[in-house]
Amino acid sequence: MNLMIRPTQSTDEDTLWVMLYYAAHMQRDGATSLFAARDVPYLARYVAGWGRPTDLGVIGICDHEPVGAVWSRLLIGEEQTPSYIDDETPELAAAVLPEFVGQGIGTRLLTAYLDLARALFPAVVLSVRAGNPARRLYQRIGFQTVDSIINRVGGNSYTMLYRFQ
């Protein structure tokens, strides 16, 4: 597979909405539109108005089509989530389209994102559902579980933190 990875741009907002649909497992929660996250205020904070000065991400492109993304945003003030660490640590979201899962794309995207984020932030945080196999990827890369929370659909999730050395 010929995967190209590039930084996100302000014009990538629609792509990030689609990726957020998968990152938030909205298909399992009954959502039918790939843009359903726009209607969920808790989720919309991760993408709405993409292109803030501290927004950062990477998109994986295969055959001229986005196949995955890893991105982060500082969620401070009224945007704080249960995974909030501090005003300098952004919350990360990640997704790979289902037909591309298991091909190493998530690892490559996460590594590329962390290479960019290292120069900007002291750490990044994410929330992952307890049963999500991506948790193993995050652990392998170096994320540490720092908390257990109840997620937006009432299940268990883990807050995981990656500190840059």
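What counts and how
Residues numbered from 1 in each chain as written. Predicted model: local features only at pLDDT ≥ 70, side-chain atom pairs only at ≥ 80, totals over all residues. Heavy atoms only, no water. Helix = DSSP H or I, 4+ residues; strand = E, 2+ residues; numbered from the N terminus. Rg over C-alpha atoms; globule rule 2.2 N^0.38 Å. Buried < 20%, exposed > 50% of the residue type's maximum accessible area, 1.4 Å probe, protein only. Areas by Shrake-Rupley, 256 points an atom, 1.4 Å probe, with all protein chains shown as cover. Core = buried A, V, L, I, M, F, W, Y, C linked by side-chain atoms within 4.5 Å. Contact = heavy atoms within 4.5 Å. Phe/Tyr/Trp six-rings, centres within 6.5 Å; stacked < 30°, edge-to-face > 60°. Lys NZ or Arg CZ within 6 Å of the ring centre and 35° of its normal. Polar contact = N/O pair within 3.5 Å; in protein donor to acceptor, adjacent residues only side chain to side chain. Salt bridge = Lys/Arg side-chain N within 4 Å of Asp/Glu carboxyl O.

(A) Structural view of the overall build of the protein chain. Within the protein chain, the secondary structure is distributed over four helices and seven strands. Listing the helices and strands of the protein chain from first to last along the sequence gives β-α-α-β-β-β-α-β-α-β-β. Against the globule reference of 15 Å for 165 residues, the protein chain gives a C-alpha radius of gyration of 14 Å, in line with a compact fold. Here the protein chain holds 165 residues, and the buried ones make up 45% of them. As presented, the protein chain carries roughly 8300 Å² of accessible surface, and 50% of it is formed by carbon and sulfur atoms.

(B) View of the nonpolar core. Counting residues in each nonpolar core, the largest one holds 50 residues, and the members touching the most others are Trp 71, Tyr 113, Val 124 and Phe 143. If one sorts the elements of this core by residue count, helix 1 (residues 13-23) sits on top with seven residues. The contact partners of Phe 143, leaving out residues within four places of it in the chain, are Leu 110, Leu 114, Val 124, Leu 126, Tyr 138, Met 160, Leu 161 and Tyr 162.

(C) A look at the environment of Pro 98. If you trace the backbone, Pro 98 turns up in the loop between strand 4 (91-96) and helix 3 (105-117). Overall, Pro 98 belongs to the partly exposed group, its relative accessible area being 45%.

(D) Geometry of the packing of aromatic side chains. Scanning the entire structure with this criterion turns up four aromatic pairs. Aromatic side chains Tyr 162 and Phe 164 sit 5.2 Å apart centroid to centroid with 70° between the ring planes, which places their arrangement in the edge-to-face category. Of the two residues examined, Tyr 162 and Phe 164, each falls in the buried class. A connected cluster of aromatic rings, assembled from ring pairs, spans Tyr 138, Phe 143, Tyr 162 and Phe 164. Taking NZ or CZ as reference, Arg 135 lies 3.8 Å from the ring centre of Tyr 158, over its face.

(E) Here's a closer look at the environment of Asp 55. Along the chain, Asp 55 turns up in the loop between helix 2 (41-44) and strand 2 (56-62). Residue Asp 55 is classed as buried on the basis of its relative accessible area of 11%. Sequence separation between Asp 55 and Ser 72 is 17 residues, and the spatial gap between their C-alpha atoms is 6.0 Å. The contacts of Asp 55, once residues within four sequence positions are left out, are Gly 49, Trp 50, Ser 72 and Arg 73. A distance of 2.9 Å separates a polar side-chain atom of Asp 55 from the backbone nitrogen of Gly 51.

(F) Structural detail: the pattern of salt bridges. What the rule picks out here adds up to four salt bridges. Arg 6 is the partner of Asp 12 in a salt bridge, and the nearest nitrogen-oxygen pair spans 2.8 Å. A salt bridge links Arg 38 to Asp 14, with the shortest nitrogen-to-oxygen separation between them at 2.6 Å. Residue Arg 38 is located in the loop between helix 1 and helix 2, and its partner Asp 14 is located in helix 1; the two are separated by 24 residues in the primary sequence.

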